[in-house]
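# Chain and residue survey
Letter by letter, the chains look like this.
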Amino acid sequence: VFTMKGEYAKAVASTQRALEIKERVLPPNDFSLTISLNNLGLFNFQIGNYEKAEALLQRALSIYENSPHHPQYLRISSTLHSLVAIYYLRGDHAKAEWALRRALAVQEQAYGAGSGEVAYTLTVLAEHYRITGDYVQAELLIQRAVALAEKAADEKQPVAGTTLETALLALAVLYIEKGDYDRAEAALERERAILEKLGPDYPADHLDALARVSRLKGEFDKAEQASLRAIALLEKLHGPDHFYVAAPLLSLATLYYQRGEYAKAEPLLQRALAISQKAAGTGEPIAASVLDLLGNVQSAKGEYAKADRLFHEALTLREKLFGPKHPAVAQTLDNLATLSAAKGDGAQALRFQARANEIDEHNVSLNLTTGSERQKLIYLRTLSDKVDKTISLQARFAPGDGRAREQAIALVLQRKGRVLDAMTDSLASLRRHLKVEDQELLGQLNATTAQLSRLVLHGSEHMPPAEQRKRITTLEEQKEKLEAEISRRSAGFYNRPQPVTLAAVRQTIPAGAALVEFAVYRPFDPKRPDNQTAYGEPRYVAYVVRGQGEVQWKELGEAKEIDDAVAALRGALGDPRRKDARHLARALDEKLMRPVRALAGDASQLLISPDGQLNLMPFEALVDERERYLVERYAFTYLTSGRDLLRMQVVRESRAKPTVVADPTFDGPGATQMARVDAARRPGAPGGGRRRSVTAARSLSEVYFAPLGGTADEAGTIQRLFREVNMLTGARATESALKAVEAPRVLHVATHGFFLQDTRTAAADNRPAATRGVNASARIENPLLRSGLALAGANARGAGGEGDDGILTSLEASGLNLWGTKLVVLSACDTGLGEVRNGEGVYGLRRAFVLAGAESLLMSLWPVSDYSTRRLMTSYYENLVRHGMGRATALRQVQLKMIGEGRHPFYWANFIQTGEWANLEGERSEDLD
């Protein structure tokens, strides 16, 4: 009765009397004592007497475990769960995990590993990992709990309904914290269906989670209604001051804060704080969150002293509860950094931000080891504003501070291209330790991507549109599950890379080289009240790192202005009839590279790590103040991130001789019925020639791929230069044959390339199309399905059989096994294009072949002719093989020769080299001329 009224002190006194009476008449280890011991422990916990509570619960546990004739497994589990709460509030996570693992073992022994009781404890254990920031373990356990609860529901076990509901709610909350709001909503929708059968006493937690996800998606009205309903329901069931009411009060206050309605938010927070503090230890996690948000409210109102006090109270409490590496601790440190910046204390702001970034990096390293690529991207997106803020703090408050610059560039190096890095590590490690079951898993993934590619690009004549969309969704979900399983398996045995530090990257930079790390960032204004208004329009910044000396930096200006200049230059470079290419190249150089050159000093090699639209531009073609192309002064190599230099230290052994795929026989049965779309003639080329791309069409299914005679000559030249070559030409140049290749020393593919523009996105962006390739008439969301290579039978659209439609999409190419391949040359048009994502590079063939394991790539940025490409490639391979030049130097020498002939950059600037620049023997020459 006392506990129902919340009068725990009276409950303690009453239960203590009952225990004393029992102890007078019963032996000290009698099983009957456990009920009072357990209850008394729980009630002491509620009033904050944790030491007394723990002693009582430990005594009860000892009696349970020494009473073999009274196997009250449910009671043992209850006691262990109570101990977990005590350990958790003390911040003793190791003991909390032990208690939960012990409870799990007891229940598995009592009820079997597939029971609903086990599912419940798995859910609680998963919640423990979520609360302590280990989302990887949390998701593995909660998925197992959901599966067991579903099985229990099918078997009509008594606790099945509530257990499944609890597990689905926990799964939804986990997805919310990982930023995967669509998955969270799906889990909540499943939970809602169960709640409707359980009655009116259950939906409050569901409504609170729904409010959170709706608010995070910007659906404020929906979020407000859900919070108000949750509060009303809990007040009706438990009264207005019950602890359960605090969480939805906090959710509603968060919504009002984000809308700038501080007068509404503050009283709700004060009420939530009073309720949580009254609940003593149980309320401490809520109290910490309330204090943190109250600090934000006071900061937004300009009450900086109050905000500072509240943030430090929240920080102390969160560090006590969660330990020093928890995401919640990083959040409060981030708030303190913003507050310090608003007060004008830039040095303090940078110190707080550095601590927050260090915690985030710890959790990123942990949580990117599992999950699909989509899940990794979503998780990292929740932290994207930290890069913006760190760069902004350095640029605004400490432009001349070397340590601040190092802090900013270190974070850029850690985050840029991070998901690509994680996915590449995962696939590579699995391939290097391949077991039969792993081979089957990779085979399933490749089969799924092939089906998905075929269905998206070509559709099905026998499948209604609605059914086709459903089938695509099913395949995408299947692909995600397989990617997540690959990550899980590979995480078990690959050596985690050492932390990415500026010092480690600096050691890999050659003496005559400079790393130029570009970044797109949004300038942060710490006096703005919320994230909706705190970040300005994107800008470019460049950091220049040498092997010795301080990091240099330069703010370059608004991203839109530079991106427009890049688009204008690309248009001129892609048409040899344009006479304004040099003028546009000089104008862009003035904005972009003249400031960088001043920072690079005497460097003769530039390691360019672009961001944004800079990924689609050849820096070699820029013109300096002396009217020289930059390639005449520098050797260029392109990187996704300066962190790539660390990856290059890993030795990769080739497994097979060089492979050349060229001159595919595109035609097949039914090709004559297709509408022919002739490839464009190369303007002004000696002898004419076709471009290795295709002109605009309504969809890829309407395109006719014309023969490319130059690729046969190109293949013959390459064959003569190598001792042994695996030649796949004509009818043998199939998609299936290319997929069967394993880690050849060199892979050369000479054919048509394509990049499908998302027409609606391009129109909305109001920018010129990046290529004269095929435009999709319907939106294809996955950019790895909008780019690829045409192979034998491409015009037949699937005559090659199941899994071979003559089209290798980027998604399929990512499944190739190229770990050990020194060089991939994509001698086709548009192979370097794709959808640009700030911080993650280009989603297209470029990304796909890195995922496949290629050490370096040679790829194109616009359509060029069959003739000029054949000439460039012939000279390139002669330099590479016959003269032993490095991969970058071999290309540069061809470019310098063509410049000397007075050729338009259309002919020589199209191809860029990414990744390792050494020669094929792995030797890096100091002579760059």
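Residues numbered from 1 in each chain as written. Predicted model: local features only at pLDDT ≥ 70, side-chain atom pairs only at ≥ 80, totals over all residues. Heavy atoms only, no water.

## Side note on the overall build of the protein
Test applied: Comment: elements are numbered from the N terminus, with helices defined as DSSP H or I runs of at least four residues and strands as E runs of at least two. Buried, partly exposed and exposed residues are distinguished by accessible area as a fraction of the type maximum, computed with a 1.4 Å probe on protein chains only: under 20%, between the cut-offs, and over 50%, respectively. By definition, residues are in contact when any of their heavy atoms lie within 4.5 Å. Note on areas: Shrake-Rupley with a 1.4 Å probe; residue coverage comes only from the protein chains shown.
Helix and strand content of the protein: 37 helices and 18 strands. Split into buried and exposed, the 929 residues of the protein put 58% on the buried side. Sequence-distant contacts in the protein: of pairs separated by 6 or more residues, those separated by 24 or more amount to 73%. With an accessible surface of roughly 37,100 Å², the protein has 50% of that area assigned to carbon and sulfur atoms.

## Observations regarding the nonpolar core
Inclusion rule: We define the nonpolar core as a collection of buried residues of types Ala, Val, Leu, Ile, Met, Phe, Trp, Tyr and Cys that are connected through side-chain atoms lying within 4.5 Å of one another.
Grouped together as the largest cluster of nonpolar side chains are 137 residues, with contacts concentrated most on Ile142, Leu269 and Val290. If one sorts the elements of this core by residue count, helix 8 (residues 160-178) sits on top with 11 residues.

## Focus: the pattern of salt bridges
Spelled out, the test is: For this analysis, a salt bridge means a side-chain nitrogen from Lys or Arg found within 4 Å of a carboxyl oxygen belonging to Asp or Glu.
Counted under the stated rule, the structure contains 64 salt bridges. Salt-bridge contacts for arginine 374 lead to glutamate 480; the nearest nitrogen and oxygen are separated by 2.4 Å. Taken together, the residues arginine 374 in helix 18 (residues 373-381) and glutamate 480 in helix 23 (residues 465-491) connect sequence positions 106 residues apart. Across the salt bridge formed by glutamate 517 and lysine 416, the nearest N and O atoms sit 2.8 Å from each other. One end of the pair, glutamate 517, is in strand 1 (residues 513-521); the other, lysine 416, is in the loop between helix 20 (402-415) and helix 21 (418-432), and 101 residues separate them in sequence. The same class applies to glutamate 517 and to lysine 416, which are both buried. Where salt bridges share partners, they join Arg586, Asp589, Glu590, Arg594, Arg597 and Glu625 into one cluster.

## A look at the side chain of threonine 15
Along the chain, the position of threonine 15 falls in helix 1 (residues 8-25). Ignoring anything within four residues of it in the chain, the contact list for threonine 15 reads Ser36, Asn39, Leu40 and Phe43.

## As for unusual backbone geometry
At glutamate 627, a residue that is not glycine, the phi angle is positive and equals roughly 65°. Of note, glutamate 627 is situated in the loop between strand 4 (605-609) and strand 5 (635-638). By relative accessible area, which is 42% here, glutamate 627 ends up partly exposed. Although it is not a glycine, aspartate 830 sits at a positive phi angle of roughly 65°. Within the fold, aspartate 830 resides in the loop between strand 14 (823-827) and strand 15 (835-837).

## Some details on helix 18
Burial of helix 18 is extensive: seven of the nine residues sit out of reach of the surface. Within helix 18, burial applies to Glu373, Gln375, Lys376, Leu377, Ile378, Tyr379 and Leu380.

## What about helix 27 (residues 581-592)?
What counts here: Given a helix with a known number of residues, its expected span is that number minus one, times 1.5 Å.
Between its terminal C-alpha atoms helix 27 stretches 16 Å, which fits the 16 Å expected from 12 residues at 1.5 Å a residue. Turning to helix 27, its buried residues are Ala581, Leu584, Ala585, Arg586, Leu588, Asp589 and Leu592.

## Structural notes on the environment of leucine 756
On the secondary structure map, leucine 756 appears in the loop between strand 9 (753-755) and strand 10 (757-758). Exposure remark for leucine 756: the relative accessible area of 2% places this residue in the buried category. Sequence separation between leucine 756 and aspartate 830 is 74 residues, and the spatial gap between their C-alpha atoms is 10.0 Å.

## Some remarks on the confidence of the model for the protein
How we decide: How sure the predictor is of each residue is captured by pLDDT, a score from 0 to 100.
Averaged over all residues, the pLDDT of the protein equals 85, while 88% of them reach at least 70. Taken as a whole, residues 669-688 scores under 50 in pLDDT and shows 41 contacts with residues more than four places along the chain or in a different chain.

## Section: the sheet that holds strand 13 (residues 807-809)
The condition that has to hold: When DSSP finds two or more bridges between a pair of strands, those strands are recorded as paired. Each axis is a line fitted through C-alpha atoms, and for a helix only the stretch in contact is used; angles between axes span 0 to 180 degrees, taken between their N-to-C directions.
On the basis of which strands lie adjacent, the open sheet formed by three strands has the order 9-12-13 and antiparallel pairing. A single partner strand is all that each edge strand has here, and the edge strands are strand 9 and strand 13. If you compare each strand with its neighbour and ignore which way they point, the axes differ by 25° on average. Where strand 9 lies against strand 12 (residues 787-790), three bridges are found, and the strand directions are antiparallel. Note that in strand 12 the partner of glycine 753 across the bridge is leucine 789.

## A few points about the packing of aromatic side chains
Threshold: Between rings of Phe, Tyr and Trp, where Trp is taken as its six-membered ring, a pair exists when centres lie within 6.5 Å; planes separated by under 30 degrees are stacked, by over 60 edge-to-face, and by other angles tilted. Ring-over charges, as used throughout, are those where CZ of Arg or NZ of Lys falls within 6 Å of the ring centre and within 35 degrees of the ring normal.
For the structure on display, the rule yields 13 aromatic pairs. With a centroid separation of 4.9 Å and 75° between ring planes, the pair formed by tyrosine 629 and tryptophan 908 is classed as edge-to-face. With a gap of 279 residues between them, tyrosine 629 in the loop between strand 4 and strand 5 and tryptophan 908 in helix 37 (residues 905-908) connect regions that are remote in the sequence. Each member of the pair tyrosine 629 and tryptophan 908 is classed as buried. Site record: aromatic cluster; members linked through ring pairs are Phe518, Phe619 and Tyr638. A cation sits over an aromatic face here: arginine 652 above tryptophan 819, 4.2 Å from the ring centre.

## Remarks on the environment of phenylalanine 518
If you trace the backbone, phenylalanine 518 turns up in strand 1. Once the C-alpha coordinates of phenylalanine 518 and isoleucine 608 are considered, the two residues, 90 residues apart in sequence, prove to be 7.9 Å apart.

## A few points about the pairing of strand 8 (residues 746-750)
Of all five residues making up strand 8, five are buried, and the element is well covered by its neighbours. Burial along strand 8 is two-sided: the residues Val746, His748 and Ala750 and Leu747 and Val749 are all buried. As paired strands, strand 6 (residues 659-664) and strand 8 are joined by four bridges and run parallel to one another. Bridge assignment links threonine 659 to a residue of strand 8, and that residue is leucine 747.

## Side note on the packing of helix 12 (residues 246-258) against helix 13 (residues 262-278)
This is how it is decided: Throughout this description, any angle smaller than 35 degrees is read as roughly parallel, any larger than 145 degrees as roughly antiparallel, any in the 65 to 115 degree range as roughly perpendicular, and the remainder as oblique. Handedness of each helix crossing follows the sense of rotation of the near helix against the far helix: counterclockwise by less than a right angle gives left-handed, clockwise gives right-handed. When residues are sorted by character, Ala, Val, Leu, Ile, Met, Phe, Trp, Tyr, Cys and Pro go into the nonpolar class, Asp, Glu, Lys and Arg into the charged class, and all the rest, Gly among them, into the polar class.
Where helix 12 meets helix 13, the axes come as close as 8 Å, and the angle between the chain directions of the two elements is 160°. One finds that helix 12 runs roughly antiparallel with respect to helix 13. Considering only the axes of helix 12 and helix 13, their crossing is left-handed. Of the residues in helix 13, those touching helix 12 at Ala246, Leu249, Leu250, Leu252, Ala253, Tyr256 and Tyr257 are Tyr262, Lys264, Ala265, Leu268, Leu269, Arg271, Ala272 and Ile275. Residues belonging to the contact of helix 12 with helix 13 are distributed by class as follows: 13 nonpolar, no polar and two charged.

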